[in-house]
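The primary structure of each chain is shown beneath.
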Amino acid sequence: MNDFAAKVGLTGEQLEHLLAILVRNTVILIGIISVAAVMTLVERKVSAWMQFRHGPNRVGPWGLLQPLADGVKFIFKEVVVPNGANKALYVLAPALAAVPAMMTIAVIPFANDVVLFGKNWGPLVVADIDIGILYLLAIGSMSVYGVILAGWASNSKYSLLGGLRASAQMISYELSMILAILAVVAMAGSINLREIVESQAHGGSIADWNFWKQPLACFLLLVASFAETNRHPFDFAECEPELVAGFNTEYSAMKWAIFFIGEYSAMAVMSSLSVILFFGGWSIPFLPDAPWYLGFAAFLAKTSVYLFLFVWVRWTLPRFRFDQLMRIGWKVMLPLALVNLLATGAWLTFFGPPGAP
Amino acid sequence: MVIVKRKELSLSERLYVPEIVRGLSITFRKMFEKKITRQYPEEPLVKTEVTRGQPRLVVKDDGAIACVSCGLCEAACPAYAITIDGGETDRPIEREPKRFDIDMLRCILCGFCEEACPKDAIFMSDELELADYSRQALVYDIEKLKRPAAAMRRRIEYVNRINDRWRDAPRPPMLVGRDAPHGAHAHSPAAAAQRPHAS
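Residues numbered from 1 in each chain as written. Chains lettered and ligands numbered in written order. Predicted model: local features only at pLDDT ≥ 70, side-chain atom pairs only at ≥ 80, totals over all residues.

Draft legend 1. Up close: the overall build of chain B. In terms of helices and strands, chain B carries nine helices and six strands. Considering only contacts in chain B between residues 6 or more positions apart, those separated by 24 or more positions represent 71%. (Helix = DSSP H or I, 4+ residues; strand = E, 2+ residues; numbered from the N terminus. Contact = placed C-beta atoms within 7 Å.)

Pasting the structure below:
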């Protein structure tokens with residue numbers, strides 16, 4: 001290995017570092033795509049159970065290979081480009097919807113310092129940057145371009161209306177989402193996601209989780225993340241009874257599937273973000289010194305619960321009306337988020353940051 | 001004019017959230033309840049004597065079918081699925097079908113042929129599954145339509161029981177007035193048996 005490193009003009013340590021980055025990033029990227037695949041099955045299974053049905057159970061044991069069968073089907077289906085569509089944008093839009101969701105996963109810390117082969121490889125995160133939340137929010141907002149461009153480029157009324165609604169909704173809810181997150185940031189004193197987790201993990205008890213200190217912010221973030229990911233009860237972008245399928249009406253085959261990979265990836269990112277901000281990320285209650293793999297498992301478990309909540313809410317609640325959506329966004333969520341931030345700021349000013357003596 | 005009185009919503013109902021939690025708890029509980037889907041190919045269909053499947057020609061115990069190729073089922077068939085060519089035979093009945101085809105792709109399983117048949121030759125079986133690779137293979141001829149009477153026992157008994165209900169019963173009241181002058185013999189059981197139901 002050292003010989004090879006010398007040939008490419010690197011020290012052995014540099015090469016090792018490079019390889020570690022490659023392996024880690026590949027694992028995380030493949031992980032997020034398979035989460036999207038598994039979520040399509042979970043969505044169908046849970047919805048079926050809630051309606052006294054069995055759900056897909058023909059492909060593989062209990063239908064576990066259904067996502068694979070769907071994937072093969074999507075690849076072999078015909079890509080139809082409608083007449084009069086703006087072809088370049090039409091092709092670009094699915095990628096624009098899916099790529100931001102996958103980019104934002106970069107700053108999500110999955111676990112504490114990975115110790116493998118007797119060496120500390122650093123925390124399990126693609127990019128441990130100091131402006132984690134800022135990056136996540138900035139890139140995450142880009143996915144609205146994918147939706148509105150899909151609506152615009154399809155040359156279809158339904159798609160255009162779906163895209164318009166999606167953009168209006170995402171802009172409205174982004175505001176209260178950011179304000180809710182800000183309250184947590186103010187308490188943790190950092191916008192590095194790893195440090196936010198560590199601020200909740202050091203005590204090793206549930207009481208350190210931000211959820212107990214910021215229940216309102218947690219709730220606001222939950223509602224806003226439903227709206228941000230275009231999920232029920234806010235899925236106006238693909239409101240079936242009014243808009244056929246909304247922005248993806250004219251899409252078919254793998255292009256259509258990429259929209260859904262994007263949607264489920266965004267769900268996974270929002271769930272991870274909520275877990276990191278409010279439920280202590282990889283920390284395990286009463287086990288402050290747990291090894292990294294247990295922490296990773298705990299993180300996955302917490303995120304799965306959140307993802308199940310997304311599916312659960314979708315198959316329980318009816319869709320709001322669009323004016324109700326706007327009213328809740330601007331007249332309920334935003335004032336609540338502002339008051340919450342104000343109260344947090346006042347508390348911090350008068351009583352000092354939590355954990356300080 | 002109907003005035004719909006709107007129910008006054010309580011505070012918890014107007015706050016959405018408690019009601020949402022209630023809804024969520026309901027869907028969660030329902031997840032574990034018994035599934036009502038029937039897993040069809042593994043779980044066979046429930047078939048009773050009332051099941052009206054594809055029509056079949058009953059083979060009597062002497063190995064012959066009862067059909068005399070009268071053409072009543074052909075005439076009754078609303079989908080024109082039945083085609084019969086009659087012919088003569090040396091049997092005491094003298095007539096039998098040379099060709100009796102039912103196009104199963106046309107058959108709508110209405111059971112009119114069963115009702116029309118005066119000889120109890122055709123009955124609706126409990127066979128419902130129908131699949132083949134060509135249309136021609138789904139035009140069933142006599143050999144394909146034959147079913148031993150033993151296999152159709154339940155349906156035959158059921159149809160007979162239904163028919164017995166009106167065979168010897170008093171005539172429908174609507175006809176009484178019109179047929180009143182011949183009332184003397186119209187009420188005899190033999191005359192009632194000859195008259196088709198509600199004609």
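So much for the structure itself; the text now carries on.
Draft legend 2. Here's a closer look at the pairing of strand β1 (residues 55-59) of chain B. Residues and elements named next belong to chain B. Across the five residues that make up β1, a large majority, four, are buried. Alignment of β1 against strand β4 (residues 122-124), held across three bridges, turns out to be antiparallel. If you follow P55 over to β4, its bridge partner there is M124. Where β1 and strand β6 (residues 146-148) come together, three bridges link them in parallel fashion. Bridge pairing in β6 links V58 to R147. (Buried ≥ 20, exposed ≤ 12 C-beta atoms within 10 Å, placed from the backbone. Pairing = 2+ DSSP bridges.)

Draft legend 3. Seen up close, the interface of chain B and chain A. Taken together, the contacts link eleven residues of chain B with ten residues of chain A. Partitioned by chemical class, the residues of the side of chain B that touches chain A number five nonpolar, three polar and three charged. (Nonpolar A, V, L, I, M, F, W, Y, C, P; charged D, E, K, R; others polar.)

Draft legend 4. Representation of the environment of A149(B) in the model. Residue and element names in this part refer to chain B. Note on placement: A149 falls in the loop between β6 and α6 (153-167). A149 sits 97 residues away from R52 along the chain, and the two C-alpha atoms are 16 Å apart. Apart from residues lying up to four places away in sequence, A149 is in contact with V58, V59, K60, D61 and I156.

Draft legend 5. Here's a closer look at the sheet that holds β4(B). Residues and elements named next belong to chain B. Pairing is mixed across the open sheet formed by three strands, whose spatial order is β4-β1-β6. Edge strands, defined here as strands with exactly one partner in the open sheet, are β4 and β6. For this sheet, the mean inter-axis angle between neighbouring strands, taken without regard to orientation, is 50 degrees. (Axes fitted to C-alpha atoms, helices over the stretch in contact; angles between N-to-C directions.)

Draft legend 6. Spotlight on the sheet that holds strand β2 (residues 82-88) of chain B. Residues and elements named next belong to chain B. Pairing is antiparallel in the open sheet, where three strands are placed in the order β2-β3-β5. In the strand order of this sheet, the two ends are held by β2 and β5 (139-140), each with one partner. Where strand β3 (residues 95-103) and β5 come together, two bridges link them in antiparallel fashion. Following the sheet pairing, D103 is matched in β5 by V139.

Draft legend 7. Structural detail: helix α2 (residues 12-50) of chain A. All names here are of chain A. End to end, α2 covers 55 Å across 39 residues, agreeing with the expected 57 Å (1.5 Å per residue, within 8%). If you check which residues of α2 are buried, you get I32, V35, A36, M39, L41, K45, V46 and M50. Once α2 finishes, F52 follows within two positions and takes phi at roughly 60 degrees, a positive value. (Expected span 1.5 Å × (residues − 1).)

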